[in-house]
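# Analysis of the macromolecular model
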Amino acid sequence: GADNPGASILRDNKHIDTSLVKILDSHATATYTVILDRLGECIFGVGDMEIHNKISREYLLSLEDDISQSSFVVSDGNISENALDTLLELCGRSGVPLFYEPTCMSKAQRPLLSKHSGSLTYTSPNLNELVSMLETLPDKPTIPDISHIDIDTINALARLSVRLLEEYGMSVILLTMSKDGVLLSRRGSPDTPLPTRSTLASKTTLDRYSSVYYPGNPASNVVSVSGAGDCLTAGFIAGLLQGLHQDHCVAAGMQAARLSCNVSDAVPSILEANKINWNQKIESVIIM
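Parameters at a glance
The numbering scheme is per chain: residues are counted from 1 as the chain's sequence reads. pLDDT decides what is reported in this predicted model: residues at 70 or higher carry local features, side-chain atom pairs at 80 or more are listed and counted, and totals for whole chains, interfaces and linings draw on all residues regardless. The side-chain quantities take in all heavy atoms of the structure and omit both hydrogens and water. Among buried residues, those of type Ala, Val, Leu, Ile, Met, Phe, Trp, Tyr and Cys that are joined through side-chain atoms within 4.5 Å constitute a nonpolar core. Partly exposed describes any residue whose relative accessible area lies between the buried limit of under 20% and the exposed limit of over 50%, with all areas from a 1.4 Å probe on protein chains only and scaled to the type maximum. Here a strand is any run of E in DSSP of at least two residues, a helix any run of H or I of at least four, and the numbering for each starts at the N terminus. In the sections that follow, a salt bridge refers to a side-chain nitrogen of Lys or Arg positioned within 4 Å of a carboxyl oxygen of Asp or Glu. Strand pairing is assigned whenever DSSP detects at least two bridges linking the two strands. Only heavy atoms enter the contact rule, under which two residues are in contact if any of them lie within 4.5 Å. A fitted line through C-alpha atoms serves as each axis, taken over the contacting stretch for helices, and the angle formed by two N-to-C directions is quoted from 0 to 180°.

## Looking at the nonpolar core
If you look at the biggest cluster of nonpolar residues, it comprises 40 residues, and the most contacted ones within it are Ile-67, Leu-164, Met-170, Met-177 and Leu-183. Of all the elements in the fold, those that place two or more residues in this core are α2 (57-62), α4 (81-94), β4 (98-101), α6 (127-134), α7 (151-168), β6 (172-176) and β8 (209-214). In terms of residues, this core owes the most to one element, α7, which gives eight residues. Formed by 26 residues, the second largest nonpolar core is a distinct cluster that contains Leu-174, Leu-184, Leu-194 and Cys-231.

## What about the pattern of salt bridges?
The tally for this structure, following the rule as stated, stands at eight salt bridges. One salt bridge connects Asp-139 with Arg-163, and the closest N-O pair in it is separated by 3.1 Å. Of the two residues, Asp-139 sits in the loop between α6 and α7 while Arg-163 sits in helix α7, which places them 24 residues apart along the sequence. What makes Asp-139 partly exposed here is its relative accessible area of 45%.

## Some details on the sheet that holds β6
The sheet built from seven strands is open, its strands ordered β3-β4-β5-β6-β7-β8-β9 with mixed pairing. Sheet topology places β3 (73-76) and β9 (285-286) at the edges, where each strand pairs with a single neighbour. Relative to strand β5 (residues 122-123), β4 runs parallel, the two being bridged by two bridges. Within β5, the residue paired with Phe-99 across the bridge is Tyr-122. Its contacts with the sheet put α7 on β6, β7 (182-187) and β8, and the angle it makes with β7 is roughly 35°.

The following block contains the structure:
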């Protein structure tokens, strides 16, 4: 939008190529206000996402050349179903990996119900969003109680995540579980390079599935957990674009998430590449 929040986004992100950003005079920049409890946990949020509807099929088709030349595409669930379907179509046509951040339970199923669902490469649901995704499986599997996470729950979630990978042709599910850590289920072994544009074509030849659990390392002095999931995803993606091992990608994501938890801003102003230890070792448990 042609407003102060929009101007602030552009002003504070001069290191990002914003040449394709459209400024719409008649619409407000998307905003989200979250209510926190005294422990920094989200109670509920109110958002104005109307401007996302301007990301239409026609607009995305006009960017097909830019999308086809991209090394990686990331989308959250705030765009319309039609826009997401178009994005899946374009990425699949050009062999570009697409990473989908579900945003909320009601939007988690969207890429799976698309006729272009096979073009989805990565997704990063939380526990509730994974449950929503699992409800689309034709065999209606039994879903474990996710109110308490123990090793039996982790094993069950790993098997169910692999079912989603098999059903929809995805490559990686990065399941985020707040203080309980991360479960990464994927095609290939834990030591197989994470899929990028250069390796995406080979995903159909990977008939092995693996799942690794990374226990949580909760932040101390939590101010706000709002934004921690997005920061985890950003750190993970930054690592995989550098060609790092999946362990280091998850470690980078967890470091970014902890930085977010210690400030009120969703994305901490100090979150820069030099604040992340890209070679940090991390505890992991191979589930399958």
